[in-house]
Amino acid sequence: LRSAALRQHPALRDYVSASRPSTGSASRCMGLGVMGREGLPHCARRRAMLLHVLVSSQLWKFRPSRARAASIDPFFERLHNRYILLRPGETTFEAADIVDSNPINKGSRERGLTVAGQAQVRRSVESLRERGVDAPTVFYDNGARASQTADLVAAGLVIPRARMEPEFRWLEARGLGALEGTSLHEASARMRALDTLDIDSSAEPADDGTPNDSVNDVFSRMRNTIAKIENSYGGGDFIIVGGDATVLSVFAAAACGVDLREHSRFELRPGAFFDLEEVMRESKAGRFRAMDQSWPSAEEIAQAREMLREMGPRIFSETEAGSWVLGPKMRR
């Protein structure tokens with residue numbers, strides 16, 4: 001506060017006049033006397049007030065945005081395990097272009113992988129085998145889509161059950177709130193636009209219990225799983241099967257030190273995988289290229305929706321979002 005320029009700032013000028021103790025010494029300012037109205041030494045009060053002024057005023061020039069602050073996490077700069085990020089294969093609702101993000105439904109096998117989705121995962125498993133990934137530990141969300149994907153990985157790489165680690169919450173798919181049951185393609189585009197603004201952006205809340213998660217919510221949950229692995233294992237190969245693409249793209253962005261608002265650059269296609277070490281290397285060198293996304297054609301969507309109609313109302317036994325696909329006579 002000895003700087004003339006600082007003393008001229010209105011907030012600090014008021015602070016100086018209001019917080020100067022009327023009596024006391026250097027020893028008292030260290031908390032040994034001269035208590036304020038709140039029961040704190042004047043020195044402590046002055047420090048608290050100064051911090052408040054700095055944070056709330058324009059003097060705090062180097063305050064990062066929430067997005068940048070959350071993406072710069074030293075924890076991800078010292079990962080000592082190898083991570084393979086594997087997105088679940090295509091699901092029945094993805095094929096039908098319908099958002100399916102309410103965790104209450106994630107255990108339904110009918111909402112798991114399509115035949116095409118299973119084939120996608122098997123191709124990735126073969127590629128992993130060719131890369132020498134033959135004794136990994138698999139952490140996966142316990143929902144149907146990730147569990148079925150993990151089962152195919154275990155069968156293809158002959159992984160014992162002891163190396164299969166289900167996660168009940170931390171790798172869960174991002175909840176899309178009021179977008180539940182709407183067009184997946186349109187909802188994905190909307191969420192990308194929201195995410196570029198702020199990592200705390202989320203869809204509107206739903207009235208059926210579907211969470212409306214932000215990127216920050218996904219990041220916080222995912223970090224718990226990776227911290228557990230890093231603290232419990234001294235090295236090795238780990239396959240992470242997230243509940244959806246966002247869990248994995250947020251992990252990749254954090255590991256590469258990329259602003260989390262840009263996590264969609266690391267989005268995987270259904271059933272595809274990233275070797276995180278390679279992604280980090282390519283990103284650091286400026287050579288990383290986003291993976292092309294493929295969406296089902298109108299004909300494929302119509303066929304997938306017909307399959308949902310054949311399954312009937314039972315697939316909407318917990319929530320009705322998306323049940324419009326059944327038609328007016330069968331709708332729950």
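It should be noted that the structure appears before, not after, this text.
Quick notes on the rules
- Residues numbered from 1 in each chain as written.
- Predicted model: local features only at pLDDT ≥ 70, side-chain atom pairs only at ≥ 80, totals over all residues.
- Heavy atoms only, no water.
- 1 Å grid on protein atoms, 1.4 Å probe; cavity = no way out; pocket = protein on both sides within 12 Å on 5 of 7 lines; lining within 4 Å.
- Points joined across faces, edges and corners; volume = space filled by probe spheres on them.
- Nonpolar A, V, L, I, M, F, W, Y, C, P; charged D, E, K, R; others polar.
- Helix = DSSP H or I, 4+ residues; strand = E, 2+ residues; numbered from the N terminus.
- Buried < 20%, exposed > 50% of the residue type's maximum accessible area, 1.4 Å probe, protein only.
- Arc of directions from axis to C-beta.
- Contact = heavy atoms within 4.5 Å.

Colleague: Would you explain empty space enclosed by the protein in this entry?
Modeller: Over the atoms, a rolled probe matching the size of one water molecule traces out where space is still vacant. Summed over all chains, the structure comprises one cavity of 30 Å³ or more. What the largest cavity holds in volume is close to 110 Å³. Lining the largest cavity are 14 residues, and of these Asp100, Asn102, Lys106, Arg145 and Ala173 sit closest to its centre. Here the lining of the largest cavity is composed, by residue class, of three nonpolar, five polar and six charged.

Colleague: Would you mind going over unusual backbone geometry with me for this structure?
Modeller: Here Asp97, not a glycine, exhibits a phi torsion of approximately 60°, which is positive. Mapped onto the elements, Asp97 comes out in the loop between α6 (92-95) and α7 (115-130). Despite not being glycine, Val158 has its phi angle at roughly 55°, a positive value. Take Val158: it is sitting in the loop between α8 (144-157) and β3 (164-167). Owing to a relative accessible area of 67%, Val158 belongs among the exposed residues under this scheme.

Colleague: Sorry, what's going on with helix α12 (residues 276-284) here?
Modeller: Because each turn of an α-helix spans 3.6 residues, side chains separated by three or four positions in sequence point in the same direction. Of all the residues in α12, the buried ones are Leu276, Val279 and Ser283. Down the axis of α12, the buried set is contained in an arc of 60°. They therefore lie on one face. Among the structural elements, β1 (82-86), α11 (245-255) and β5 (273-275) are those in contact with the buried residues of α12. One or two positions beyond α12, positive phi appears at Gly286, with a value near 75°.

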